[in-house]
Amino acid sequence: MDQFAQGNISRRSFVKRGAVLGLSTTFIGAFLAACGSDSKKSSGSTAASTGGTTAPGATTAPGATTAPADTTAATAPAAGAIKQGGTMRLASQKPGSPLDPVAMDNLGTYTVVTQSFEYLCGKGDNATLAPALAESWSPNADGSEWTFVLRQGVKWHDGSAFTSADVVATMDRLAGSNLKAYLVEGATTAADDFTVTMKLNTPDGQFPYQVSLYNPQTLITPVSFVLGTTLDKVPTGTGPFKLDKYDVATGATFVANVDWWGGKPFLDKVEFIFSDDIATQISGLQGDAADALVQFSVVGGDALLADPNVIVEGTRGAAHRQIWMNTREGNFADVRVRQAVALGIDRQALIDTVLRGKGDIGNDHPIAPVYEFFDAAQPQRERDIEKAKALLKEAGKEGLSITMHVPKLQEIPQLAELIQTQLKDIGMNIELNVESTDTFYDEWCKTYDPICDGGQEFGIVDYGNRGVPDVYLVKAYATGEWNSAHYVSKPFNAAVSEYQASLDLAGRKTAISKVQKIANEDVPYVIPYFYNTLYAHSKKVGGIVASGLGHFEMGKAGFLA
């Protein structure tokens, strides 16, 4: 509050931080009204820090609206504009892993599982958080302990009551997997049926993001669940829809949960139509075989961008592609080889060709320009063919031949082809292995628990949009289960810990500047760009809330009257 009043943070930053700390929207609104406009305070800010403009080059179809800078828009119609009933058909990529709410690892699975299961913290405006299964939350003085007050009157799909016991059991399961960097088993305790406290391993001023949709594997599951339980084997949840049918090859059908705490859904059913072929998904939407398309790329999606009967929604966020290299052993253990790859890539050409300009240039770290603590002063890595050749020669890797493993997902195959061509200029010969998402994630990391181990030496993997970069930093860079580069750096991990423990913007900026510098120098991953996330729907549809991370919240969606 003091920072905002002094003009040190923008209105958007104040709203976001207030939401993280569990302040109510009523309180935030009243405080902002009392303080007046911050237009003078933020006049020198960038679009990324104010959230007031759309991304450069962002495109929407006729009649579409575009989201603020760091969030996908909800297609919320005017009150009373949605009619009751109907089945909405969603064209979606095929789930690339079992419907395991703890171990799922890809957008196709997130989309399906989150029709039934829910998070403690949901999606608010922009990149803020909103109440979901938790109605409110608050930290202790140093952020080492967080207390969540749970929503009362929530029922599981079998009619049993949702209580703090379910949250405690879920957190204990996650303490050995997704949240192991934050919690140990037994660190979550219940004061009563609707109050839980989580004692963290280290202070974290942004912890609620780790139990929200921005950390997809933290869905709350019943106390009776055990690790490895999948939604198709044990259909349940607290969400607006119940799983009725599931076939990984073709699709899934969900029916409305009329007892949902959020109110009876408008839709009777939600039907998923699976395909990894973007052309099939697009033709389905345009041919009225589908009503919405969960996510698509500019490459192959040009027809939707020009279709007057389709509305395209987009977000400028932190979604990106990681080109991973095994830093522990093999061809990329020498940092000079990794730096050569980074110098051999023409990033702007990739953005112009693959994204049609709809993205931000990357600098080989996962801190996107939309983050308020992004350090824009650090030098941008540029293509330098001669220096890349020299580094390969010094490392004894001239003429290096290697296979790049990539999933058949959105624009990634085209990105791989362009990288293959660009790296020929520095003397690298790359063979592409483009796989279905059915098998790709089994080869990306052979094991995920407790850490990513085995897997392929070189490839491209997808990372969806996050409101804060913690998941990227912990799971992909620290010794997390998605660390396909097998990267371990004490200075990097120390900078991440410093960032997480910071309770103010100035502290985070200082720590993140270190994170950016170390990642850029060590290059365990080349991150060429951050792409704008796009999804589309027919004009007869409204109320969908998309996260830019594969989630399609359908509880308030339906067909327009």
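Parameters and conventions
Residues numbered from 1 in each chain as written. Predicted model: local features only at pLDDT ≥ 70, side-chain atom pairs only at ≥ 80, totals over all residues. Heavy atoms only, no water. Pairing = 2+ DSSP bridges. Helix = DSSP H or I, 4+ residues; strand = E, 2+ residues; numbered from the N terminus. Axes fitted to C-alpha atoms, helices over the stretch in contact; angles between N-to-C directions. Core = buried A, V, L, I, M, F, W, Y, C linked by side-chain atoms within 4.5 Å. Buried < 20%, exposed > 50% of the residue type's maximum accessible area, 1.4 Å probe, protein only. Contact = heavy atoms within 4.5 Å. Polar contact = N/O pair within 3.5 Å; in protein donor to acceptor, adjacent residues only side chain to side chain. Left-handed = near helix turned anticlockwise from the far one by under 90°. Nonpolar A, V, L, I, M, F, W, Y, C, P; charged D, E, K, R; others polar. Phe/Tyr/Trp six-rings, centres within 6.5 Å; stacked < 30°, edge-to-face > 60°. Salt bridge = Lys/Arg side-chain N within 4 Å of Asp/Glu carboxyl O. Parallel < 35°, antiparallel > 145°, perpendicular 65-115°, else oblique. Disulfide = S-S within 2.5 Å.

> Quick one: what's the story with the sheet that holds strand 7 (residues 188–192), residue by residue and with numbers?
Strand order in this open sheet of 4 strands is 5-6-8-7, and the pairing throughout is antiparallel. The outermost strands of the open sheet, each flanked by one partner alone, are strand 5 (134–139) and strand 7. Neighbour-to-neighbour, the strand axes of this sheet turn through a mean angle of 20°, independent of strand direction. In this structure, strand 6 (residues 145–150) lies alongside strand 8 (residues 195–199), joined through 5 bridges in antiparallel fashion. Within the sheet, the bridge partner assigned to Glu-145 lies in strand 8 and is Lys-199.

> Please give an account of the nonpolar core that cites residues and values.
Judged by nonpolar contacts, the single largest core of 140 residues is most densely connected at Leu-120, Phe-148, Leu-183, Met-198 and Met-554. Discounting residues that sit within four places of it in the chain, Leu-120 has contacts with Pro-131, Ala-132, Leu-133, Ala-134, Phe-148, Leu-150, Val-167, Met-198, Val-211 and Ile-220. In terms of nonpolar packing, the next biggest core, distinct from the first, is built from 14 residues, Ala-290, Leu-304, Leu-305 and Val-310 among them.

> Before we move on, can you summarise helix 14 (residues 470–477) with the specific residues and values?
Within helix 14, 8 of the 8 residues are buried, leaving the element largely enclosed by the surrounding structure. Among the residues making up helix 14, those that are buried are Asp-470, Val-471, Tyr-472, Leu-473, Val-474, Lys-475, Ala-476 and Tyr-477. In this fold, the buried residues of helix 14 make contact with strand 14 (320–325), strand 18 (458–463), helix 15 (490–501), helix 16 (505–522) and strand 19 (525–526).

> Could you give me a rundown of the side chain of Asp-105, with the residues and numbers involved?
Its place among the elements puts Asp-105 in the loop between strand 2 (87–92) and helix 5 (107–113). Of the polar contacts made by the side chain of Asp-105, one reaches the side chain of Ser-97; its length is 3.4 Å. When sequence neighbours within four positions are dropped, the list of residues in contact with Asp-105 reads Gly-96, Ser-97, Tyr-110, Gln-217, Tyr-441, Tyr-448 and Trp-482.

> Go over the pairing of strand 5 with me, naming the residues and quoting the values.
Note that strand 5 and strand 6 share 5 bridges and pair antiparallel. Directly across from Ala-134, in strand 6, lies its bridge partner Leu-150. Counting the residues that bridge the hairpin from strand 5 to strand 6 gives 5 residues, and of these Gly-143 lies at a positive phi of roughly 75°.

> I'd like to hear about the packing of helix 10 (residues 347–354) against helix 12 (residues 412–424), residue by residue, with values.
Look at helix 10 against helix 12: their axes get within 11 Å of each other, and the N-to-C directions meet at 145°. For the pair helix 10 and helix 12, the crossing hand works out as right-handed. The residues of helix 12 that touch helix 10, namely those facing Ala-349, Leu-350, Thr-353 and Val-354, are Leu-415, Leu-418, Ile-419 and Gln-422. Residues belonging to the contact of helix 10 with helix 12 are distributed by class as follows: 6 nonpolar, 2 polar and no charged.

> How would you sum up the sheet that holds strand 2? Please name residues and give values.
Spatially, 9-10-11-2-12-21-13 is the arrangement adopted by the 7 strands of the open sheet, whose pairing is mixed. Of all the strands in the sheet, just strand 9 (241–247) and strand 13 (310–315) have a single pairing partner and so form its edges. Looking at each pair of strands side by side, their axes are set apart by 20° on average, direction ignored. When strand 13 meets strand 21 (residues 533–538), the two strands line up antiparallel, connected through 6 bridges. If you follow Ile-311 over to strand 21, its bridge partner there is His-537.

> Would you mind going over the packing of aromatic side chains in detail, with residue names and values included?
Within the structure shown, the criterion is met by 23 aromatic pairs. For the ring pair Phe-117 and Phe-225, a centre distance of 5.8 Å and an interplane angle of 80° mean the geometry is edge-to-face. Residue Phe-117 is found in the loop between helix 5 and strand 3 (121–123), and its partner Phe-225 is found in the loop between strand 8 and strand 9; the two are separated by 108 residues along the sequence. Both residues of the pair, Phe-117 and Phe-225, count as buried. Pairing Tyr-477 with Tyr-487 gives two aromatic rings, centres 6.1 Å apart and planes at 85°, and the pair type is edge-to-face. With Tyr-477 in helix 14 and Tyr-487 in the loop between helix 14 and helix 15, this pair connects stretches of sequence that are 10 residues apart. Classification of Tyr-477 as buried rests on a relative accessible area of 0%. Overall, Tyr-487 belongs to the buried group, its relative accessible area being 4%.

> If you had to explain the pattern of salt bridges to someone new, which residues and values would you point to?
Where side chains of opposite charge bring their charged atoms close, a pairing between them can arise. One pass over the structure, following the stated rule, counts 21 salt bridges. A salt bridge links Lys-517 to Glu-521; the nearest nitrogen and oxygen atoms lie 2.7 Å apart. Of the two residues, Lys-517 and Glu-521 both sit in helix 16, 4 residues apart, roughly one turn of that helix. Overall, the relative accessible area of 37% leaves Glu-521 in the partly exposed class. Members of the salt-bridge network, linked through shared partners, are Arg-89, Asp-288, Asp-291 and Lys-540.

> Lay out the packing of helix 15 against helix 16 with the relevant residues and their values.
Interhelical geometry of helix 15 versus helix 16 gives an angle of 155° and a closest axis separation of 8 Å. With respect to helix 16, the element helix 15 is oriented roughly antiparallel. Considering only the axes of helix 15 and helix 16, their crossing is left-handed. Along its contact with helix 15, which presents Pro-491, Phe-492, Ala-495, Val-496, Glu-498 and Tyr-499, the element helix 16 presents Arg-508, Thr-510, Ala-511, Ile-512, Lys-514, Val-515, Ile-518 and Ala-519. Its residues assigned to classes, the contact of helix 15 with helix 16 shows 10 nonpolar, 1 polar and 3 charged.

> Provide a residue-level description of the state of the cysteines, including the pertinent values.
This structure, assessed with the given rule, holds 1 disulfide. The partner cysteine of Cys-445 in its disulfide is Cys-452, sulfur to sulfur 2.0 Å. On the sign convention where negative means left-handed, the S-S torsion of about -95° between Cys-445 and Cys-452 marks this disulfide as left-handed. With respect to burial, Cys-445 and Cys-452 carry one shared label: buried.

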